[in-house]
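Commentary on secondary and tertiary structure
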Amino acid sequence: SQTIHQWPATLVQPVGSPLSLECTVEGTSNPNLYWYRQAAGRGLQLLFYSVGIGQISSEVPQNLSASRPQDRQFILSSKKLLLSDSGFYLCAWSVRVGEEQYFGPGTRLTVT
Amino acid sequence: QQQVKQSPQSLIVQKGGISIINCAYENTAFDYFPWYQQFPGKGPALLIAIRPDVSEKKEGRFTISFNKSAKQFSLHIMDSQPGDSATYFCAASGMDSSYKLIFGSGTRLLVRP
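First, a word on what this report is: a plain description of the structure on this page. (Residues numbered from 1 in each chain as written. Chains lettered and ligands numbered in written order. Predicted model: local features only at pLDDT ≥ 70, side-chain atom pairs only at ≥ 80, totals over all residues. Heavy atoms only, no water.)

Further remarks concern the overall build of chain B. Scanning chain B from N- to C-terminus turns up 0 helices and 11 strands. Counted from the first residue to the last, chain B has its helices and strands arranged as β-β-β-β-β-β-β-β-β-β-β. Whereas a compact globule of 113 residues would reach a radius of gyration of roughly 13 Å, chain B reaches 13 Å, a difference of no more than 12%. Dimensions of chain B, computed from the C-alpha atoms along their principal axes, are close to 40 × 30 × 20 Å. With 12 positive and 8 negative side-chain charges, chain B shows a spacing of 7 Å between the two charge centroids. (Helix = DSSP H or I, 4+ residues; strand = E, 2+ residues; numbered from the N terminus. Rg over C-alpha atoms; globule rule 2.2 N^0.38 Å. Lys, Arg positive; Asp, Glu negative; His and termini not counted. Charge placed at Lys NZ, Arg CZ, Asp CG, Glu CD.)

Right, here's the structure in full:
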């Protein structure tokens, strides 16, 4: 069966510091991978998605970037965090774009 | 045209009652409509999904009703239980969204014992 992992689970970082969040998927090959952000009490905002190694599509211009160095690994990064980067970051995967997406447990990021 | 509008924002139901959450879309090219359930501090979990070739899909106490002509779909939770208390998101995707899921804004459901 497929499993999706995210780490860390929680993170508190000062403004201006770098960020690296990691997501890995087990039990499947060549998944489509997604990064979402969820502000407190709000909906899901798609940040990036990837259909293959090295292929990243950005949905919203922002302070963040994404990379996919391996087939089942998706990384969300920032060089300098802003207060507005605080939120709940969710990674998801799917077999095909536009079909069932399966979410990871999320990373709660607080920028102070 | 890419929006999915979800209502109500919040819902309180007594145990044993029926919870109904509605979503509306404008893009007729959407052809996949899932519902997700999210508990506090957790990632959303796929609950049930429907495609336009059927008007209703039932899985246990959860039913999706789909009205293609009205461009609306809804989630019905029968015999609602306190354990159903969570936030529910509808979503839609299709060719015009490059097959990316477009999510509604969410409904916070509280089922009182």
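We are not done yet, so read on.
Below, the discussion takes up the packing of aromatic side chains. All chains considered together, the criterion is met by 16 aromatic pairs over all chains. Measuring from centroid to centroid gives 5.6 Å for tyrosine 36 of chain A and phenylalanine 103 of chain B, while their planes differ by 90°, and the two rings are edge-to-face. Taken as a pair, tyrosine 36 of chain A in strand E4 (residues 32-38) and phenylalanine 103 of chain B in strand E10 (residues 102-103) lie in two separate chains rather than in one. Accessibility assignment for this pair places tyrosine 36 of chain A and phenylalanine 103 of chain B in one class, buried. Here the aromatic rings of tyrosine 25 of chain B and phenylalanine 73 of chain B are separated by 6.2 Å at their centres, their planes lie at 55°, and the arrangement is tilted. Of the two residues, tyrosine 25 of chain B is situated in strand E3 (residues 19-25) and phenylalanine 73 of chain B in strand E8 (residues 72-77); the sequence distance between them amounts to 48 residues. Of the residues examined, tyrosine 25 of chain B reaches a relative accessible area of 6% and is grouped as buried. One aromatic cluster in this structure is built from Tyr34, Tyr36, Tyr49 and Phe103 of chain A together with Tyr36 and Phe103 of chain B. (Phe/Tyr/Trp six-rings, centres within 6.5 Å; stacked < 30°, edge-to-face > 60°. Buried < 20%, exposed > 50% of the residue type's maximum accessible area, 1.4 Å probe, protein only.)

What follows covers the sheet that holds strand E8 (residues 73-78) of chain A. All names here are of chain A. Taking strand neighbours across the sheet as the criterion, the 4 strands line up as E1-E3-E8-E7 in an open arrangement whose pairing is antiparallel. This sheet does not close on itself; its edge strands, each paired only once, are strand E1 (3-7) and strand E7 (65-70). Strand-to-strand, the axes of this sheet are offset by a mean angle of 20°, without reference to chain direction. With 5 bridges connecting them, E1 and strand E3 (residues 19-26) associate as antiparallel partners. Among the inter-strand pairings, glutamine 6 is bridged to a residue of E3, identified as cysteine 23. (Pairing = 2+ DSSP bridges. Axes fitted to C-alpha atoms, helices over the stretch in contact; angles between N-to-C directions.)

Another point: unusual backbone geometry. Cis geometry is adopted by the peptide bond preceding proline 8 of chain A, which originates at tryptophan 7 of chain A and carries an omega value of 0°. Along the chain, proline 8 of chain A turns up in the loop between E1 and strand E2 (10-13). That bond from serine 7 of chain B to proline 8 of chain B is cis: its omega, -5°, falls within 30 degrees of zero. The residue proline 8 of chain B is located in the loop between strand E1 (4-7) and strand E2 (10-14) in this model. The phi dihedral of lysine 71 of chain B falls on the positive side, at around 55°, and the residue is not glycine.

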